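# Reading the structure
So the chains spell out like this:
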Number of protein chains: 2
Amino acid sequence: MITRIAILGYGNLGRGVEAAIKKNPDIELVAIFTRRNPDDLKIKSDAQVVSINEIEDWQNKIDVLIICGGSATDLPMQTPKYARIFNVVDSFDTHAKIPEHFKNVDESAKCANKTAIISVGWDPGMFSLNRLYASAILPDGKDYTFWGKGVSQGHSDAIRRIEGVADAKQYTIPIEEALDAVRSGSNPELSTKQKHKRECFVVLKEGANASKIEQEIKTMPNYFADYDTTVHFISQEELNKNHSGIPHGGFVLRSGETSSNTKHLIEYSLKLDSNPEFTSSVLVAYARAAHRLNKEGNNGCKTVFDIAPMYLSSKTSEELIATML
Amino acid sequence: MITRIAILGYGNLGRGVEAAIKKNPDIELVAIFTRRNPDDLKIKSDAQVVSINEIEDWQNKIDVLIICGGSATDLPMQTPKYARIFNVVDSFDTHAKIPEHFKNVDESAKCANKTAIISVGWDPGMFSLNRLYASAILPDGKDYTFWGKGVSQGHSDAIRRIEGVADAKQYTIPIEEALDAVRSGSNPELSTKQKHKRECFVVLKEGANASKIEQEIKTMPNYFADYDTTVHFISQEELNKNHSGIPHGGFVLRSGETSSNTKHLIEYSLKLDSNPEFTSSVLVAYARAAHRLNKEGNNGCKTVFDIAPMYLSSKTSEELIATML
């Protein structure tokens, strides 16, 4: 079965979806919807570029719309809106607001007999799945999520807003000793700050005071103050050359007991060259699932928790049993 | 919802299920069925011990039967047979015969409106799930399964059959360099033999010829001949003291690209103090799922691929979204 996809929004994530679709022969990219002037978009596929104003005309031409907007303002509006017209998948990642988003999307999707899958990616997404599986298998245990090594956009932005800073990139890095403590099975209590350190690469504007800026970064409340933070001053050339990627990743661990002194450790980790490209690849697999579920009449809003794994694969049940079980 | 469980077979796996149920407040162990004389069974819970001859009387007293027999001869007979009376879960692990077993169990379960989940555990089971998820997300990639460090029952038995050997334990150990090569993203071609080495702890009978036995082990076809094999001769006391556990574990990795030169690594690993206790804990989580699916009228034979993750957890969908997504 071919799944016809359209992308809404052509930023990092939208471009990632475009790339991911090329790796999936049963998935076809038919359109990219944009709020910009379609003529201004240079894309890397032969999909049609269409103004968002014409999106309703595409109701019967696509099977799933992958919504590639941001969680702050785009998705809370877009996903419920378009779930009235299309099967949709999004990567809504504001954890605290997921229940509200779910409710809004569920209402829309059910009333239009569409299938929507929200909060798809790696966290929320694959990391959530691993937290769930591991806690169901080892109910007497404790789980730990570590992020990194990876670029945090929010922290990089916070540095860039400091006066005298021309450009900056911040990496969140798991603290190896904390990871080892978890792996030892000692079930330590660890706050986010005890699990991660922060490394900053900063380009100064001419005449800026390096030591004052370093101090300002290291004492910035919430973002850096309570963390072990390292600041490196480098040239713009060096930043462009060595820090232009958007790598990320992390670890989900659960350590638990099945009987007295019988311990087990479950560990899942990701090492990603490109955070948005990996997220996009997960979105595409769940778009396949949304299409199939809708064909089966399974409507409404779903999360990764609701989707049986086989729906993600292009292989048949028989092929999966023969090759992967 | 309480799930009432019975166990068929009280070996390592059955005892593991008994232990796992104690960690799950929503699951109740009501009976243990045995082929032995029930009076001879010393169990560690207050379940009733019942002769297998009376199993049919329990049709309305339990929700799921966890079948804890062996894959060679027990399960091919038992699972299809009891899927006509109960919802069942088993850990059938003869990979090549899973399609046939699936078909037999499916027929039985469907004709009795029962739900059966087969091949549950960690491989097949959690490792299979990770192969599926990772390959769906990174279709342009390659996956690798490493087993160990852990005890291989079959290889230990093979050593014990050698003349002059009093007792033995064999560990399968992943080769660190092979793991590192996979993690580097170079997508190496690796046979099972290139991924694992074997370490043997052997107790000799009095007067046995150590060097002859070492030679016999190292040249044993299929089992050891092509592997890097180490043999240690130790006393029975030392074997009992340091090698009486049944630890196991392993790694599932997938390395792939989402676009030219953009690489990703997904790694899942288990480190288990007790292979049967961990397998049992997975069985219990899937027993919960079998009960729920049956309540929803979802009958027939299933594998871990067919089960949406939320069915494994005792938490509600709302709780899962709020705490784990």
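For the structure itself, look to the data block above.
Reading the values: the criteria
Residues numbered from 1 in each chain as written. Chains lettered and ligands numbered in written order. Predicted model: local features only at pLDDT ≥ 70, side-chain atom pairs only at ≥ 80, totals over all residues. Heavy atoms only, no water. Pairing = 2+ DSSP bridges. Helix = DSSP H or I, 4+ residues; strand = E, 2+ residues; numbered from the N terminus. Patch = residues over 30% accessible without salt bridge, like charges linked within 9 Å, V, L, I, M, F, W, Y side chains within 5 Å. Areas by Shrake-Rupley, 256 points an atom, 1.4 Å probe, with all protein chains shown as cover. Salt bridge = Lys/Arg side-chain N within 4 Å of Asp/Glu carboxyl O. Lys, Arg positive; Asp, Glu negative; His and termini not counted. Charge placed at Lys NZ, Arg CZ, Asp CG, Glu CD. Contact = heavy atoms within 4.5 Å. Core = buried A, V, L, I, M, F, W, Y, C linked by side-chain atoms within 4.5 Å. Buried < 20%, exposed > 50% of the residue type's maximum accessible area, 1.4 Å probe, protein only. Buried area = accessible area lost by both parts, 1.4 Å probe. Polar contact = N/O pair within 3.5 Å; in protein donor to acceptor, adjacent residues only side chain to side chain. Phe/Tyr/Trp six-rings, centres within 6.5 Å; stacked < 30°, edge-to-face > 60°. Lys NZ or Arg CZ within 6 Å of the ring centre and 35° of its normal. Least-squares fit on C-alpha atoms with pLDDT ≥ 70 in both. Arc of directions from axis to C-beta.

## Quick word on the sheet that holds strand E9 (residues 165–174) of chain A
Residues and elements named next belong to chain A. One open sheet holds the 4 strands; their spatial order is E8-E9-E10-E11, and the pairing between them is mixed. Edge positions in the sheet fall to strand E8 (150–151) and strand E11 (229–233), since each has one partner strand and no second. Examined bridge by bridge, strand E10 (residues 196–204) and E11 share 5 bridges and lie parallel to one another. Paired with Arg198 across the two strands is Thr229, which belongs to E11.

## Some points on a positive patch on the surface
A surface patch of like charges, here positive, comprises Arg15, Lys22, Arg36 and Lys44 of chain A. Structurally, Lys22 of chain A is set in the loop between helix H1 (12–21) and strand E2 (27–34).

## With respect to the side chain of Gln78 of chain A
As for its position among the elements, Gln78 of chain A is in helix H2 (residues 74–82). Apart from residues no more than four positions distant in its own chain, Gln78 of chain A is found in contact with Leu8, Arg35, Ile67 and Gly69 of chain A.

## Section: the nonpolar core
Core analysis: the biggest nonpolar cluster contains 160 residues, and Leu65 and Tyr286 of chain A together with Leu65 and Tyr286 of chain B have the highest contact counts within it. Leave out the neighbours within four places in its chain, and Tyr286 of chain B touches Tyr133 of chain A together with Val89, Ile117, Val120, Leu129, Val304, Ile307 and Leu312 of chain B.

## Digging into the interface of chain B and chain A
Contact residues are listed per partner, giving 61 residues for chain B and 62 residues for chain A. Carbon and sulfur atoms make up 65% of the surface buried where chain B meets chain A, a total of about 5300 Å² over both sides. Its salt-bridge partner being Asp140 of chain B, residue Lys23 of chain A comes within 2.6 Å of it at the nearest N-O pair. Counting the contacts that link chain B with chain A gives 22 residue pairs in polar contact (both at pLDDT 80 or more).

## Some thoughts on unusual backbone geometry
Between Asp123 of chain A and the following residue, Pro124 of chain A, the backbone shows a cis peptide bond with an omega angle of 5°. Within the fold, Pro124 of chain A resides in the loop between strand E6 (115–117) and helix H4 (126–137).

## Some details on the packing of aromatic side chains
To describe a pair of aromatic rings, one takes the distance between the centres and the angle between the planes. Within this structure, the stated rule accounts for 9 aromatic pairs over all chains. Between the aromatic rings of Phe127 of chain A and Tyr268 of chain A, the centroid separation amounts to 6.1 Å while the plane-to-plane angle is 80°, which identifies the pairing as edge-to-face. Of this pair, Phe127 of chain A sits in helix H4 while Tyr268 of chain A sits in strand E13 (residues 262–272), and the two are 141 residues apart along the sequence. Tyr268 of chain A carries the same exposure label as Phe127 of chain A, and that label is buried. Taking 6.2 Å as the distance between ring centres and 70° as the angle between the ring planes, the aromatic pair formed by Tyr133 of chain A and Tyr133 of chain B counts as edge-to-face. Taken together, the positions of Tyr133 of chain A in helix H4 and Tyr133 of chain B in helix H4 (residues 126–137) put the pair across two chains. Exposure class is identical for Tyr133 of chain A and Tyr133 of chain B. Each is buried. Connected via pairs of aromatic rings, a cluster forms that spans Trp122, Phe127 and Tyr268 of chain A. Between the NZ or CZ atom of Lys149 of chain B and the centre of the ring of Tyr171 of chain B, over which it lies, the distance is 4.9 Å. The ring of Phe146 of chain B has Lys195 of chain B sitting right over it, with the charged end atom 5.5 Å from the ring centre.

## Observations concerning the relation of the copies chain B and chain A
Structural alignment of chain B on chain A gives an RMSD of 0.0 Å, achieved by rotating through 180° and translating 0.0 Å along the axis. With respect to symmetry, the two chain copies, as superposed, fit the operation of a two-fold axis. Identified as the residue of chain B closest to the rotation axis by C-alpha distance is Ala308 of chain B, at 1.9 Å. A shared binding surface is used by both copies, with 100% of the interface residues of chain B retained as interface residues in chain A.

## Remarks on helix H6 (residues 176–183) of chain A
Residues and elements named next belong to chain A. Residues of H6 that are buried: Ala178, Leu179 and Val182. Projected down its long axis, H6 carries its buried residues within an arc of 100°, all on one side. Lining the buried residues of H6 we find strand E7 (141–147), E9, helix H7 (192–195), strand E12 (248–259) and E13. The positive-phi residue at the C-terminal boundary of H6 is Gly185, with phi of around 85°.

## Remarks on the pairing of strand E4 (residues 64–67) of chain A
All names here are of chain A. Residue alternation in E4 divides its side chains into two sets, Val64 and Ile66 and Leu65 and Ile67, and both sets are buried. One ladder, built from 4 bridges, connects E4 with strand E5 (residues 87–90); its direction is parallel. For Ile66, the partnering residue across the bridge sits in E5 and is Val89.

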